[in-house]
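Structure assessment
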Amino acid sequence: MKPSANTLFDCFAKFSNERGDSQFIFDENRRYTVTQAFERIKGIAFNLQSMGIKQGDFVAVKTARTIDCIFVFYALQFIGAVAVMYGPHDKIEYDAVIDGNTLTKGNKSSTILGETHGEPSVSTDSQKTSVIIYTSGSTGESKAVQLSQYNFINNSLDT
């Protein structure tokens, strides 16, 4: 199979066109179809850009097992920012940090999951670093691993 150079935005848009009414994600309180999730993620991406997050910015994301955390991850991918994933007990400092519903950039904090009124400018380069995760691997020492949208998409297609 020939590798795909599509971005996650491209893949999500295609998935939304093909299976928009299919259930995408749910928890005890909320359910989203593919199209609803796509629109919500685009809105979060627009909010992030409105707050000054741009392509190539490293944004620390405090991970949680929530729909909102997944949506924030995708929103960062859509705009080409680098999501630096960290656990709830890790201490990490970056110029921008997302913790739940709050983006803190410098000394200013804003709510990112509120209403949206626009379309984000999306990234077109799937090969740039898009996420950094920390793993201890076999040594037990934490190491940063860089991944791209290209990695995610083609690993999924191969699987």
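Up top is the structure.
Every chain is numbered independently, its residues counted from 1 as its sequence is written. In keeping with the predicted nature of the model, local features appear solely for residues at pLDDT of at least 70, side-chain atom pairs appear and are counted solely at 80 or more, and the whole-chain, interface and lining totals rest on all residues. The side-chain numbers reported here are obtained from all heavy atoms of the structure, hydrogens and water having been left aside.

Right, let's get into the overall build of the chain. Numbering of helices and strands runs from the N terminus, with a helix taken as a DSSP run of H or I at least four residues long and a strand as a DSSP run of E at least two residues long. When its secondary structure is counted, the chain shows four helices and nine strands. In the chain, the succession of α and β elements from N to C terminus is α-β-β-α-β-α-β-β-β-β-β-β-α. Relative to the globule expectation of 15 Å for 159 residues, the C-alpha radius of gyration of the chain, 16 Å, shows essentially globular dimensions. For the chain, the spread of C-alpha atoms along the principal axes amounts to about 40 × 40 × 35 Å. Taking all 159 residues of the chain together, 38% fall into the buried category. Pairs at least 24 apart in sequence give 62% of the contacts found in the chain among residues at least 6 apart. Surface exposure here means Shrake-Rupley accessible area, sampled with a 1.4 Å probe, where a residue is shielded only by the protein chains that are shown. Of the accessible surface of the chain, which amounts to about 9,400 Å², a share of 48% is contributed by carbon and sulfur atoms. In the chain, which carries 15 positive and 17 negative side-chain charges, the distance between the mean positions of the two groups comes to 1 Å. Based on C-alpha atoms, the radius of gyration is set beside the globule rule, defined as 2.2 Å times the residue count to the power 0.38. Partly exposed describes any residue whose relative accessible area lies between the buried limit of under 20% and the exposed limit of over 50%, with all areas from a 1.4 Å probe on protein chains only and scaled to the type maximum. When checking whether two residues touch, look at their non-hydrogen atoms; a contact exists if any pair is within 4.5 Å. We count Lys and Arg on the positive side and Asp and Glu on the negative side, and we leave His and both chain ends out. All charge positions are set by atom: Lys at NZ, Arg at CZ, Asp at CG, Glu at CD.

This part takes up the sheet that holds strand β7 (residues 108-111). For two strands to be treated as a pair, DSSP must find at least two bridges joining them. Read from one edge to the other, the open sheet built from seven strands follows the order β7-β6-β5-β3-β4-β8-β9, with strand pairing classed as mixed. Each of the sheet's edge strands pairs with one partner strand only, and the pair in question is β7 and β9 (143-148). Direction aside, the axes of adjacent strands within the sheet are offset by 25° on average. Pairing geometry for strand β3 (residues 58-62) and strand β4 (residues 82-86), over five bridges, is parallel. In the strand pairing of β4, Lys62 is matched with Tyr86. Its contacts with the sheet put helix α3 (residues 67-79) on β3, β4, β5 (96-99) and β8 (129-135), and the angle it makes with β3 is roughly 170°. Here an angle of 0 to 180 degrees is reported between the N-to-C directions of two axes, which are lines fitted to C-alpha atoms, with helices fitted over the stretch in contact.

Along the chain, Asp99 turns up in strand β5. A relative accessible area of 42% places Asp99 in the partly exposed class. Between the C-alpha atom of Asp99 and that of Cys69, which follows or precedes it by 30 residues, the distance is 8.8 Å.

Two numbers describe a pair of aromatic rings. These are the distance of the centres and the angle of the planes. When two rings of Phe, Tyr or Trp (its six-membered ring) have centres within 6.5 Å they constitute a pair, described as stacked for plane angles under 30 degrees, edge-to-face for angles over 60, and tilted for the intermediate range. Within the structure shown, the criterion is met by 11 aromatic pairs. A ring pair is formed by Phe9 and Phe78, whose centres lie 5.0 Å apart and whose planes are at 85°; its orientation type is edge-to-face. Here the residue Phe9 occupies a position in helix α1 (residues 8-19), and Phe78 occupies one in helix α3, the gap between them amounting to 69 residues. In terms of burial, Phe9 and Phe78 fall into one category: buried. On the basis of an interplanar angle of 80° and a centroid distance of 4.9 Å, the ring pair of Tyr32 and Phe71 is categorised as edge-to-face. A residue pair is termed long-range when its members are at least 10 positions apart, and Tyr32 in strand β2 (residues 31-33) and Phe71 in helix α3 qualify at 39 residues. An identical accessibility class is assigned to Tyr32 and Phe71; each is buried.

Running from amino to carboxyl end, α1 crosses helix α2 (residues 34-50) at an angle of 145°, the nearest separation of the two axes being 8 Å. Crossing of α1 against α2: the hand is left-handed. In this structure, α1 contributes Phe9, Phe12, Ala13, Phe15, Ser16 and Arg19 to the contact, and α2 contributes Val34, Thr35, Ala37, Phe38, Ile41 and Lys42. We call Asp, Glu, Lys and Arg charged. Ala, Val, Leu, Ile, Met, Phe, Trp, Tyr, Cys and Pro are nonpolar, and the rest, Gly among them, are polar. Classifying every residue of the contact of α1 with α2 gives eight nonpolar, two polar and two charged. Two helices crossing with the near one rotated counterclockwise from the far one by less than a right angle form a left-handed crossing, whereas a clockwise rotation gives a right-handed crossing.

Treat this as a map of the structure, not an account of what it does.
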